[in-house]
Amino acid sequence: MKWCHVPVAGHAILGVADAGGSIELLRLVESENTYMLQPFSSFALEKQCLALSLDWSTGKADRASDQPLKVISSDSRGQLHLLKVTEAGSRLQGVATWQAHHFEAWIAAFNYWQTEIVYSGGDDGLLKGWDTRTPDTSVFSSKRHSMGVCSIQSNPHWEDLLATGSYDEHVLLWDTRNMQQPLLDMAVQGGVWRLRWHPFHHHLLLAACMHGGFRIFNCQKAIEEKQEVCTVSASYTLPNSLVYGADWSWLNFHLLPQTQQSLHLGPSPYSDPGTRTADVVHSWKAIGQSLGPPSLDHLSDHDGEGPAKPQSGGKGWTSVQPLTEDMESGSQLHTPGTKICDGDPCLETANLDISLLATCSFYDHVLHLWKWDNS
């Protein structure tokens, strides 16, 4: 699942790649003082295949007025599918489909700086680049990963920087102008199923590492000073589970006077965070299998498996303390001393040391929402 970072026909849009072989679009709509996800468009990729990934062409959170809004997707038959959203934002249209890998194409992703270029990774262990204007032949094909390539993301802040991850338990950073050799190779002790650059801080990279939990890498020296080093700002292991998904929130906290403790939605500016603490804010468990608006139960712990624990070498993590308010009751989240604000005046009180991130895990089927305080 991925949010489109620009509104479509006045709505926030979520894209979903599903096990039925389709790409689904859902719009966030307000209904009776709450919000729900409303399906409005579906595109079937192929018969007898699984849709395995999708990416939006708007990873930089902007789009020129003359640029179409595009989606790239991959499937279990090794194919890539280029789609576009119609001008009215009402439905998906197919643009091109081509064979990219011999086995499952686990991941497909745009170059956010040049959206005619896409990347793909497959169970054949290959990382490939494609020009969607002439997709019959790959621009490059790399065997640098020794196992299946399952995560790719272009850095939305730093042109020519690409991160890839694999079952080989390595994260590679690349300069897209030279895909012969990676800039950096980081061993992470777990298959790297998802990679996400921070939406505001160009040097922070979040990795979902399956049995290795999740990690936050500080790549500032690698990016700015061209040093072959990335430090682990934090790592967390969830017991008896595999972390398959991880992503940053595009919202951020702002300082409040002691007498105010409400939560509002809104943006945050760019800045440089440090590396200190994290707390579980919520743990949710999904109920049911329908694609419509999800039904969630709020959990007060980690579903009976005990609290998450720091991995050896992790830095500054506090104890895990899930909140106890009932998410289904519609009550607001109360976080003493902070809020998330929707107006420019709030930027003056921005607390740039706090980030929100979410992880989802296999076996226990739990979505964890984390607050990372690195002040």
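Our subject is the structure that appears above.
Residues numbered from 1 in each chain as written. Predicted model: local features only at pLDDT ≥ 70, side-chain atom pairs only at ≥ 80, totals over all residues. Heavy atoms only, no water.

Remarks on the overall build of the protein
Line of reasoning, step 1. Within the protein one finds one helix and 27 strands.
Line of reasoning, step 2. Sequence-distant contacts in the protein: of pairs separated by 6 or more residues, those separated by 24 or more amount to 55%.
Line of reasoning, step 3. Summed over all atoms, the accessible surface of the protein reaches about 17200 Å², with 49% contributed by carbon and sulfur. (Helix = DSSP H or I, 4+ residues; strand = E, 2+ residues; numbered from the N terminus. Contact = heavy atoms within 4.5 Å. Areas by Shrake-Rupley, 256 points an atom, 1.4 Å probe, with all protein chains shown as cover.)

Notes on the pattern of salt bridges
Line of reasoning, step 1. Under the definition given, this model contains seven salt bridges.
Line of reasoning, step 2. A salt bridge links Asp-185 to Arg-144; its shortest N-O distance comes to 3.2 Å. With Asp-185 in strand 16 (residues 184–187) and Arg-144 in the loop between strand 12 (140–142) and strand 13 (149–154), this pair connects stretches of sequence that are 41 residues apart.
Line of reasoning, step 3. Look at Asp-185 and you get partly exposed, because its relative accessible area is 34%.
Line of reasoning, step 4. For Arg-144, a relative accessible area of 33% puts it in the partly exposed group.
Line of reasoning, step 5. One salt bridge connects Asp-175 with Arg-177, and the closest N-O pair in it is separated by 2.7 Å.
Line of reasoning, step 6. You can call Arg-177 exposed: its relative accessible area is 63%. (Salt bridge = Lys/Arg side-chain N within 4 Å of Asp/Glu carboxyl O. Buried < 20%, exposed > 50% of the residue type's maximum accessible area, 1.4 Å probe, protein only.)

Things to note about the sheet that holds strand 3 (residues 22–31)
Line of reasoning, step 1. Strand order in the open sheet made by the four strands is 1-2-3-4, with antiparallel pairing throughout. Whereas interior strands pair on both sides, the edge strands pair on one side only; in this sheet they are strand 1 (2–3) and strand 4 (34–44).
Line of reasoning, step 2. As paired elements, strand 2 (residues 13–17) and strand 3 share five bridges and run antiparallel to each other. The residue bridging Val-16 from the neighbouring strand is Glu-24, located in strand 3. (Pairing = 2+ DSSP bridges.)

Details of the sheet that holds strand 13
Line of reasoning, step 1. The antiparallel open sheet is built from four strands, whose spatial order is 13-14-15-16. Every other strand in the sheet has two partners, leaving strand 13 and strand 16 as the edge strands with one partner each. Going from strand to strand, the sheet's axes swing by 20° on average, the running direction of each strand aside.
Line of reasoning, step 2. The pairing of strand 15 (residues 170–175) with strand 16 spans four bridges and is classified as antiparallel. Looking at strand 16, one finds that His-170 is bridged to Ala-187. (Axes fitted to C-alpha atoms, helices over the stretch in contact; angles between N-to-C directions.)

A few points about the environment of Ala-96
Line of reasoning, step 1. Residue position: Ala-96 is located in strand 8 (residues 92–99).
Line of reasoning, step 2. Between the C-alpha atom of Ala-96 and that of Thr-132, which follows or precedes it by 36 residues, the distance is 7.9 Å.

Points about unusual backbone geometry
Line of reasoning, step 1. Here Ala-9, not a glycine, exhibits a phi torsion of approximately 50°, which is positive.
Line of reasoning, step 2. As for its placement among the helices and strands, Ala-9 is situated in the loop between strand 1 and strand 2.
Line of reasoning, step 3. Positive phi, close to 55°, is recorded for His-365, a residue that is not glycine.
Line of reasoning, step 4. Assignment of secondary structure puts His-365 in the loop between strand 26 (350–362) and strand 27 (366–373).
Line of reasoning, step 5. Residue classification places His-365 among the partly exposed positions, given a relative accessible area of 48%.

Description of the pairing of strand 15
Line of reasoning, step 1. Most of strand 15 is tucked away, with five of its six residues classed as buried.
Line of reasoning, step 2. Where strand 14 (residues 161–166) lies against strand 15, five bridges are found, and the strand directions are antiparallel. Paired with Thr-164 across the two strands is Leu-172, which belongs to strand 15.

So, the packing of aromatic side chains
Line of reasoning, step 1. Scanning the model with the defined rule gives 13 aromatic pairs in all.
Line of reasoning, step 2. Ring centres 5.4 Å apart and planes at 65° place the aromatic pair Trp-106 and Trp-193 in the edge-to-face group. Separated by 87 residues along the polypeptide, Trp-106 in strand 9 (residues 105–110) and Trp-193 in the loop between strand 16 and strand 17 (194–197) bring together distant segments of the chain. Residue Trp-106 shares its accessibility class with Trp-193, and that shared class is buried.
Line of reasoning, step 3. Geometrically, the ring pair formed by Tyr-119 and Phe-140 is tilted, given 6.2 Å between the ring centres and 45° between the ring planes. Here the residue Tyr-119 occupies a position in strand 10 (residues 117–122), and Phe-140 occupies one in strand 12, the gap between them amounting to 21 residues. (Phe/Tyr/Trp six-rings, centres within 6.5 Å; stacked < 30°, edge-to-face > 60°.)

Some remarks on the side chain of Lys-128
Line of reasoning, step 1. As for its placement among the helices and strands, Lys-128 is situated in strand 11 (residues 127–131).
Line of reasoning, step 2. The buried charged residue Lys-128 lacks any salt bridge, with Asp-124 as its nearest oppositely charged partner at 5.2 Å.
Line of reasoning, step 3. A distance of 2.8 Å separates a polar atom in the side chain of Lys-128 from the backbone oxygen of Ala-100.
Line of reasoning, step 4. Here Lys-128 is in contact with Ala-100, His-101, Val-118, Tyr-119, Ser-120, Ser-138, Phe-140 and Ser-141, once residues within four sequence places are set aside. (Lys, Arg positive; Asp, Glu negative; His and termini not counted. Polar contact = N/O pair within 3.5 Å; in protein donor to acceptor, adjacent residues only side chain to side chain.)

Focus: the environment of Ser-355
Line of reasoning, step 1. Structurally, Ser-355 is set in strand 26.
Line of reasoning, step 2. Classification of Ser-355 as buried rests on a relative accessible area of 2%.
Line of reasoning, step 3. Once the C-alpha coordinates of Ser-355 and Lys-371 are considered, the two residues, 16 residues apart in sequence, prove to be 5.9 Å apart.
Line of reasoning, step 4. A polar atom in the side chain of Ser-355 sits 3.0 Å from the side chain of His-198.

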